Amino acid sequence: SGEDAKGGVAFDSAKGWQSSGVIVPGKPEQSYLLKLVRRDDAELAMPPDGEGEPLTAQEVQDIERWITEGALDPRLSASSSFAPSVRPKRSRLF
């Protein structure tokens, strides 16, 4: 991520993942990222063999659904089903 992103693709912002063309919002079959995590091509599979555990089938489905829903940055979009839940702070009475 950031300025030193490997392969020139930054995944730390929507601008980074959308401008790279690796993710095509709303079009999972055109999104290179999905091909990588599905591990369809052994030479391009992510993570590479021996360098970590592949994603589970559920995790791959979650990525596909996220792309289908527009690949919104969940940190910025409360309407995304991937948005982190925010719990209100509890006040204490002393």
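Residues numbered from 1 in each chain as written. Predicted model: local features only at pLDDT ≥ 70, side-chain atom pairs only at ≥ 80, totals over all residues. Heavy atoms only, no water.

Enquirer: I tried to follow the overall build of the chain on my own but got confused; where do I start?
Expert: On a plain count of helices and strands, the chain comes out with three helices and zero strands. Written out in order from the N terminus, the α and β elements of the chain read α-α-α. Counting across all 94 residues of the chain, residues that qualify as buried make up 26%. Put simply, of all contacts in the chain between residues at least 6 apart along the chain, 40% involve residues at least 24 apart. Here the chain has roughly 7300 Å² of accessible surface; of this, 53% comes from carbon and sulfur atoms. (Helix = DSSP H or I, 4+ residues; strand = E, 2+ residues; numbered from the N terminus. Buried < 20%, exposed > 50% of the residue type's maximum accessible area, 1.4 Å probe, protein only. Contact = heavy atoms within 4.5 Å. Areas by Shrake-Rupley, 256 points an atom, 1.4 Å probe, with all protein chains shown as cover.)

Enquirer: What is the right way to look at the confidence of the model for the chain in this model?
Expert: Detailed reading of the predicted coordinates is not advisable wherever pLDDT falls low. When the pLDDT values of the chain are averaged, the result is 74; 68% of them are 70 or greater. Across the chain, element-level confidence peaks in helix H3 (residues 57–68) with a mean pLDDT of 93 and bottoms out in helix H1 (residues 14–19) with 70. Contacts from residues 83–94, a stretch scored under 50 in pLDDT, to residues over four places away or in other chains number four contacts. (pLDDT = per-residue confidence, 0-100.)

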